[in-house]
Amino acid sequence: MDNKIKELRKERKITQDELAGALGVTRQTIISLENGRYNASLQLAYKIAKYFELHIEDVFLFEEE
């Protein structure tokens, strides 16, 4: 699943460490999310969307198979 986390983070000049701290995850989790190697749980996806003040659909790009 693609996402816009890296773009949103850079637009707001937020480091991976800052985002990880705000979400209660490790920097490695943020790196994996940004590189598409990890899919966020629903709970984490909600936290990310809430952090950026967006809807989940605005952060995560879901494509039906």
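To be clear, the structure that these remarks concern was listed above.
What you see is a predicted model; the values in this text were computed from it and never measured.

Caption draft 1: Focus on the pattern of salt bridges. The tally for this structure, following the rule as stated, stands at 2 salt bridges. In this structure, R9 engages E34 in a salt bridge whose closest nitrogen and oxygen atoms are separated by 2.6 Å. Linking R9 in helix α1 (residues 5-11) with E34 in helix α3 (residues 27-34), this pair joins segments that are 25 residues apart in sequence. Between R12 and E11 there is a salt bridge, with the nearest N and O atoms lying 3.7 Å from each other. The exposure class of R12 is partly exposed, given its relative accessible area of 37%.

Caption draft 2: Expanded view of helix α4 (residues 42-51). Within α4, burial applies to L44, A45, I48 and A49. Take α4 and look down its axis: the buried residues cluster within an arc of 135°, on one side only. Those residues of α4 that are exposed and aimed more than 90 degrees away from the buried face are L42, Q43 and K50. Looking at the packing, one finds that the buried side of α4 touches α1, α2 (16-23), α3, α5 (56-59) and β2 (60-61). E53 sits one or two positions beyond α4 and adopts a positive phi of about 60°.

Conventions used here
- Residues numbered from 1 in each chain as written.
- Predicted model: local features only at pLDDT ≥ 70, side-chain atom pairs only at ≥ 80, totals over all residues.
- Heavy atoms only, no water.
- Salt bridge = Lys/Arg side-chain N within 4 Å of Asp/Glu carboxyl O.
- Helix = DSSP H or I, 4+ residues; strand = E, 2+ residues; numbered from the N terminus.
- Buried < 20%, exposed > 50% of the residue type's maximum accessible area, 1.4 Å probe, protein only.
- Arc of directions from axis to C-beta.
- Contact = heavy atoms within 4.5 Å.

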